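An overview of the molecular structure
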Amino acid sequence: MSKYPFESIEPKWQKYWDEHKTFKVTEDEKFPKEKRMYVLDMFPYPSAAGLHVGHPEGYTATDIYCRYLRMNGYNVLHPMGYDAFGLPAENYAIKTGTHPKTTTNANIEHFTQQIKSLGFSYDWDRCVSTCEPDYYKWTQWIFLQLYKKGLAYEAETPINWCPSCLTGLANEEVKEGKCDRCGSQVTHKTIRQWILKITDYADRLDADLEGLDWPESVKAMQHNWIGKSTGAEVTFTVADKDGKPTDKNLTVYTTRCDTLFGATYMVVSPEHKIIDAITTDEQKAAVKAYQQEAAKKSDLERTDLAKDKTGVFSGSYAINPVNGKLIPIWIADYVLISYGTGAIMAVPAHDDRDWEFAKKFNLPIIEVLKSEVDVQKQAWTQDGIHVNSEFLDGLNKKDAIAKMLEFLEEKKIGRKAINYKLRDWVFSRQRYWGEPIPLVHCPDCGTVPVPEEELPLTLPEVKTYQPTGTGESPLAAIDSWVNCKCPKCGKAAKRETNTMPQWGGSCWYYLRYLDPKNNDKFCSEKAEKYWMPVDLYIGGAEHAVLHLLYARFWHKVLYDCGVVSTKEPFQRLINQGMITSFAFQRKNKTLVPVDEVEEKDGKHYEKATGEELEQIVAKMSKSLKNVVNPDDEIKAYGADSVRMYEMFMGPLTMSKPWATQGIVGIHRFLEKVWAVSEKPMADIDISGKLEDKALISARKTFAQTIKKVTEDTATLNFNTAISQMMIFINEVSKLPEVPKAMWSDFVKVLSPYAPHLGEELWEKLGNKESIAYVQWPTFNEEHTKDDMKTIVVMVNGKKRDTFEAAPGTSDDVLKETALARDGVKKFTDGFEIVKCIIVKDKLVNLVVK
């Protein structure tokens, strides 16, 4: 019996698919809309490290599904490309002097080779890369549509600043107070930025989630990030040092305007624009020092409930609009400029943070909701009937809010308002390796768009990629590129030197896949209407409030421009689980790299210290040396083994650890499949009556296998489909010769999972064409049924016997057979049978007395 030759089979079929363009797809009108499927993988960033075994998990899932769909008569769009701009290539350029494009293209070539080695059925003619001018021409074009609609604006604004990457970050790029890219602690800095008005779309982004087939957890994350709330904007007049009204106002947003009588002080964010105007001379030095300290903290640090409250008095007061009382205006970092108006009215009796602040700085605490505690000793944060609130006394929350709103609107000092936690998207980066923003600054005309016919505005060659750290990108130093003529008046002007963030190109890549060679449009109307929306999108949950939110925003803008036909880009979303690895942990919970661990007598110890370590499951990382390279696994076991193991490890959406013994087991299964293919193939008709018991059993298992693999592949339950295939191979291995028709159909259902082996076995059966578009097999439902059912007999609730019966046996026969069993007779003879309960094909339950 010959060995399973995966080393020669896999390159053979990869070459075949490449040369024959097996998976090239066109907008063929013979396929009705319901027979077209757009299946998408999240855009990979081509890092120098290449793929690890976690990356292909989602790609394998979509590939199996796409192959299954093609065999079921669907026209399937399944593309791949690269999110190629971004900081890693630029940081590498700074270290080595290598142009980021050189590094990026080398990484793309490596990624492509790795992806092709796994046999994925992508239409490579549609491959795109965001750093190519013919791609980012259209990223720039979309930016100009945003600009023309008033959705892109320039502002000097306090932003998240990464001191390591030396660039601004959007809120979504900050995780637990640290830069999502490099892990450095984020601070704040006020610099000139381009900002996109994503908040103009907040309501639609929030409401339209309900029509999407997405995980509820991702919807909840987006709902929470958008953070829609209904409340009121209330205007406080600022008083001078003598308590007299001035012409300055301070507006706050509050969801509880009914508690205004309890407002005893105000707080503004350290970045608030009013600070210079309200700070008295005596307080200027203290306020300046406080602002400098606050700038060093992340938003997470500032809003930590457990932290000690800090603040400084501005020296000025505001007038409470409902009772005319003077209340001091403080500056404190627990209020963020990014939420509401950047100012709050503090009601310390009924808010924990305000209460702690009031206690620390000896500020008044006034109860306005009837409390069950002494508010001088702790805040009462639950609801209650209003007290100490003049015209609101005795009212509940709902009625009090309504009456206060009526009062505020009548006096023209407040109004009902909707607020969002979502902030406008900081869109520019002070770096080189990104799309140039196609705008020109003219001293006479102001900011002028680059004419669309002159796009793309390409990046210039530079000698140094080092960011300035001052808020300008390396482009600012290229005079020959920066200095230009105004497109409007022709006078000397300067180009915008900030570049777009990495997210720019990845916001719309799914649309460029539709028509990647089009020089006149980002995609044709015909292609967009043929394929959109994306039917299935698989990727990591970490993009919930980054890419997924940004892409939805851009798509809605394009919809409003009339250039796309759907309101949402991605109809169905699935988050694959993470493939983890093993790591080793000290008693103090710190982790030890794998190469610094030795094993003795089944236990693990740190080489340097001898400390015994605990083996745990952890994320794959270069620092822990626990990354598994798919190239090594493919070389040892073959791509089909890697693919099937990735799917066999557990449900697609669950995280699971990589284990070598698991892939060994899958490899043995494929060897067993190969061994069965070496058996004699017989022209046996398995559709009619069979006499051979082994053949009858194999036929039943075969029908059950086709049924289960069909159902489980359609529902993406790949692990259980593979389990059923294993059952079939164990059964068919027992036959001296294999019915050719049965084997042919099994090869079809195996082929999406192990496509190289599937093609080879299909060819081995004498077929000339690829298996990729062969019709998916059907099965006889009758053949799936068990020949006999085990019936349990219970007497007065206790199991007394069992017997075999044909499926569907009548209740009368089941009862008669049960009463005749020896194990039952001794508990029923001489007793009266008062009840007989029968569960078809399962149970006879006798009640006797």
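Here the structure is shown first, and the text comes after it.
This text gives an overview of the structure that appears in the document. It should be emphasised that the depicted structure is a prediction, and the values quoted were computed from it without experimental measurement. (Residues numbered from 1 in each chain as written. Predicted model: local features only at pLDDT ≥ 70, side-chain atom pairs only at ≥ 80, totals over all residues. Heavy atoms only, no water.)

**Focus: the overall build of the protein**
Within the protein one finds 27 helices and 33 strands. With respect to the principal axes defined by its C-alpha atoms, the protein has extents near 105 × 85 × 65 Å. Scored against the burial criterion, the 849 residues of the protein give a buried share of 54%. Taking contacts inside the protein between residues at least 6 apart in sequence as the whole, the part at least 24 apart equals 72%. Accessible area for the protein stands at about 37,400 Å²; split by element, carbon and sulfur atoms hold 50% of it. Across the protein, 110 positive and 120 negative side-chain charges occur, with their mean positions spaced 1 Å apart. (Helix = DSSP H or I, 4+ residues; strand = E, 2+ residues; numbered from the N terminus. Buried < 20%, exposed > 50% of the residue type's maximum accessible area, 1.4 Å probe, protein only. Contact = heavy atoms within 4.5 Å. Areas by Shrake-Rupley, 256 points an atom, 1.4 Å probe, with all protein chains shown as cover. Lys, Arg positive; Asp, Glu negative; His and termini not counted. Charge placed at Lys NZ, Arg CZ, Asp CG, Glu CD.)

**With respect to the pairing of strand β30 (residues 789-795)**
Sheet topology note: the β30/strand β31 (residues 798-805) ladder contains seven bridges and is antiparallel. Its bridge partner lying in β31, I791 is registered against F803. Where β30 and strand β33 (residues 843-848) come together, four bridges link them in parallel fashion. The residue bridging V795 from the neighbouring strand is L846, located in β33. (Pairing = 2+ DSSP bridges.)

**Regarding the pattern of salt bridges**
Inspection of the entire model under this criterion finds 45 salt bridges. Here E452 and K148 are joined by a salt bridge, their closest N and O atoms 2.5 Å apart. Residue E452 is found in the loop between β17 (446-449) and α13 (479-482), and its partner K148 is found in helix α5 (residues 133-148); the two are separated by 304 residues along the sequence. Relative accessible area serves as the criterion here: at 29%, E452 is assigned to the partly exposed category. A single salt-bridge network, built from bridges that share partners, covers D208, R552, K556 and E568. (Salt bridge = Lys/Arg side-chain N within 4 Å of Asp/Glu carboxyl O.)

**Some remarks on the sheet that holds strand β16 (residues 439-442)**
Read from one edge of the open sheet, four strands run β17-β16-β19-β18, paired in antiparallel fashion. The open sheet is flanked by β17 and β18 (483-485), the only strands paired with a single partner. Across this sheet, the average inter-strand angle for adjacent strands is 45°, counted without regard to direction. Across four bridges, β16 lies against β17 in antiparallel orientation. Along β17, the bridge assignment pairs L439 with P449. (Axes fitted to C-alpha atoms, helices over the stretch in contact; angles between N-to-C directions.)

**Some details on empty space enclosed by the protein**
A probe matching the size of a water molecule, rolled over the atoms, marks out where space remains unfilled. Taken as a whole, this structure holds one cavity of 30 Å³ or more when the rule is applied. In this structure, the largest cavity occupies an estimated 30 Å³ of space. Considering the residues around the largest cavity, the lining is formed by R67, M71, S751, P752, I771 and A772. Here the residues of the lining of the largest cavity sort into four nonpolar, one polar and one charged. (1 Å grid on protein atoms, 1.4 Å probe; cavity = no way out; pocket = protein on both sides within 12 Å on 5 of 7 lines; lining within 4 Å. Points joined across faces, edges and corners; volume = space filled by probe spheres on them. Nonpolar A, V, L, I, M, F, W, Y, C, P; charged D, E, K, R; others polar.)

**A look at the sheet that holds strand β32 (residues 833-839)**
Here we have four strands laid out as an open sheet, ordered β31-β30-β33-β32, and mixed in their pairing. Both outer strands of the open sheet, β31 and β32, are each paired with one neighbouring strand and no more. Going from strand to strand, the sheet's axes swing by 20° on average, the running direction of each strand aside. Packing against the sheet, helix α26 (residues 811-820) makes contact with β30, β31, β32 and β33, and its axis sits at approximately 120° to β32.

**What about the state of the cysteines?**
One pass over the structure, following the stated rule, counts zero disulfides. Sulfur of C131: no disulfide; nearest cysteine sulfur belongs to C127 and is 11 Å away. Overall, the relative accessible area of 4% leaves C131 in the buried class. Note on C507: no disulfide assigned, nearest cysteine sulfur contributed by C561 at a separation of 14 Å. Owing to a relative accessible area of 1%, C507 belongs among the buried residues under this scheme. (Disulfide = S-S within 2.5 Å.)

**Some points on the side chain of K656**
For K656, the location among the structural elements is in strand β27 (residues 656-657). On the basis of relative accessible area, K656 is assigned to the buried category, the value being 6%. A distance of 2.8 Å separates a polar atom in the side chain of K656 from a polar atom in the side chain of E57. Polar contacts involving the side chain of K656 include one to the main-chain carbonyl oxygen of M654, which spans 2.6 Å. Discounting chain neighbours no more than four positions away, the residues touching K656 are E57, M578, I579, T580, M649, G650 and P651. (Polar contact = N/O pair within 3.5 Å; in protein donor to acceptor, adjacent residues only side chain to side chain.)

**Things to note about the layout of surface pockets**
In this structure, the second largest pocket encloses a volume near 1,400 Å³. Lining the second largest pocket are 47 residues; nearest its centre among them are T303, L336, Y339, R353 and K421. Mapped by element, the contributors of at least two residues to the lining of the second largest pocket are β5 (174-175), α7 (216-226), β9 (245-254), α10 (299-303), β13 (343-346) and α11 (352-360). Looking at the lining of the second largest pocket, its residues break down into 19 nonpolar, 15 polar and 13 charged.

Fair warning: the whole summary comes from geometry, so function is off the table for now.
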